[in-house]
Amino acid sequence: MKLGLPDEIRACLFDLDGVITKTAVVHAAAWKEMFDAFLQECDGPGFRPFDSASDYDEYVDGRPREDGVRTFLASRGISLPEGSPDDAPEDNTVHGLGRRKNILVLEKIRTQGVDAYPGSLKYIDAVRASGLRTAVVSSSANCRTILAAVGAEELFEVRIDGVVAAERNIPGKPAPDTFLEAARELGVAASEAAVFEDALAGMDAGKAGRFGYVVGVDRVGQAEALRAHGADRVVEDLADLESNS
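Overview of the structure. All figures in this text were calculated on a predicted structure; none of them were measured in a lab. (Residues numbered from 1 in each chain as written. Predicted model: local features only at pLDDT ≥ 70, side-chain atom pairs only at ≥ 80, totals over all residues. Heavy atoms only, no water.)

With that settled, consider the pairing of strand S4 (residues 193-197). Among the 5 residues of S4, 5 are classified as buried, and the element is accordingly described as predominantly covered. Covered by surrounding structure in S4 are Ala-193, Val-195 and Glu-197 together with Ala-194 and Phe-196, the residues of both alternating faces. Sheet analysis places strand S1 (residues 11-14) next to S4, joined by 4 bridges and oriented parallel. The residue bridging Leu-13 from the neighbouring strand is Val-195, located in S4. (Buried < 20%, exposed > 50% of the residue type's maximum accessible area, 1.4 Å probe, protein only. Helix = DSSP H or I, 4+ residues; strand = E, 2+ residues; numbered from the N terminus. Pairing = 2+ DSSP bridges.)

Have a look at this one:
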């Protein structure tokens, strides 16, 4: 194995938040702030708060923004009108709540900054040096901005993110379609591509797409869940793959 990957792998498909950048915790905080305010408005002071660990992992992590809104609200038995992408953040619609969350996460990124995981950047450099193709596959509509902020935009030949998925009408994770689109653009079969994900929805996508190798990146102590959702291997940092290859 080279770089901890099977010999037949020709391309690496990387998720962004939690794999390349330390933004998963920022997203979790923004989801909690938005949902808690909404739930308190609906249920009053005795509302059950959004859990930024279990609720985030189960219902929103890795999913397109509106899918995260729908999935979490469904878990609480709440149904809202879909609305439209033009809805204001004050609107109690799926799109309105999604916009509300996005405003919060952008403000947190602006005030707190963005950092990349050094081990991930080192590993991606090694992947490129070995001649493997690279793509970033993210549900985030802010993917390009975040990559530019950490100086990593040029590390990827292909970017399939929330913006591209919406333009091409590609279903988001846990469906495998965004990863499959990245592999198609790189000119490789799914069996020749490795998926790198930290979200359970991303694991499901990797398994459903029958990719050649699925690496779970465990940043929050959910190694067993990542394996249960389809990871071929779980590491705490991508640098572990290079050191143990």
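Now that the structure is up, let's keep going.
Okay, the packing of helix H1 (residues 24-43) against helix H4 (residues 94-112) next. Between H1 and H4, whose axes approach to 9 Å, the crossing angle comes to 135 degrees. Judged by the angle between their axes, H1 and H4 are oblique. Once H1 is placed against H4, the crossing between them reads as right-handed. Along its contact with H1, which presents Val-26, His-27, Ala-29, Ala-30, Trp-31, Glu-33, Met-34, Phe-35 and Phe-38, the element H4 presents Leu-97, Arg-100, Lys-101, Leu-104, Val-105, Lys-108, Ile-109 and Gln-112. When its residues are assigned to classes, the contact of H1 with H4 shows 11 nonpolar, 2 polar and 4 charged. (Axes fitted to C-alpha atoms, helices over the stretch in contact; angles between N-to-C directions. Parallel < 35°, antiparallel > 145°, perpendicular 65-115°, else oblique. Left-handed = near helix turned anticlockwise from the far one by under 90°. Contact = heavy atoms within 4.5 Å. Nonpolar A, V, L, I, M, F, W, Y, C, P; charged D, E, K, R; others polar.)

In this section: the environment of Gly-216. Counting through the fold element by element, Gly-216 comes out in strand S5 (residues 213-217). Considering only alpha carbons, one finds Gly-216 and Ala-199, 17 residues apart in sequence, at a separation of 7.9 Å. Residues in contact with Gly-216, not counting those within four places in the same chain, are Glu-197, Met-203, Leu-226, Ala-231, Arg-233, Val-234 and Val-235.

What follows concerns the packing of aromatic side chains. The final tally for this structure, using the stated rule, is 9 aromatic pairs. A ring pair is formed by Phe-14 and Phe-196, whose centres lie 4.4 Å apart and whose planes are at 20 degrees; its orientation type is stacked. Here Phe-196 lies in strand S4 and Phe-14 lies in strand S1, a separation of 182 residues in the sequence. The two residues Phe-14 and Phe-196 agree in class, both being buried. (Phe/Tyr/Trp six-rings, centres within 6.5 Å; stacked < 30°, edge-to-face > 60°.)

Okay, the side chain of Glu-197 next. For Glu-197, the position within the fold is in strand S4. We classify Glu-197 as buried; its relative accessible area is 0%. With near-sequence residues (within four places) excluded, Glu-197 lies in contact with Asp-15, Val-19, Lys-173, Phe-179, Gly-202, Met-203, Val-215, Gly-216 and Val-217.

Further remarks concern H4. The first and last C-alpha atoms of H4 sit 27 Å apart over 19 residues, in line with the 27 Å expected at 1.5 Å per residue. Turning to H4, its buried residues are Val-94, His-95, Gly-96, Leu-97, Gly-98, Arg-100, Lys-101, Asn-102, Val-105, Lys-108 and Ile-109. If you follow the buried residues of H4, they end up packed against H1, helix H3 (65-75) and helix H6 (143-149). (Expected span 1.5 Å × (residues − 1).)

By secondary structure assignment, the location of Leu-3 is in the segment before S1. According to the relative accessible area criterion, Leu-3 is buried, its value standing at 9%. Sequence separation of Leu-3 and Ile-20 is 17 residues, and the distance between their C-alpha atoms is 17 Å.

Attention now goes to the sheet that holds strand S2 (residues 133-137). Read from one edge of the open sheet, 6 strands run S3-S2-S1-S4-S5-S6, paired in parallel fashion. The outermost strands of the open sheet, each flanked by one partner alone, are strand S3 (158-160) and strand S6 (233-235). Adjacent strand axes in the sheet meet at a mean angle of 20 degrees, parallel and antiparallel pairs treated alike. Sheet strands touched by helix H5 (residues 118-129): S1, S2 and S4. Its angle to S1, the strand with the most contacts, is close to 155 degrees. Packed on one face of the sheet, helix H9 (residues 200-208) meets S4 and S5 and runs near 175 degrees to S5.

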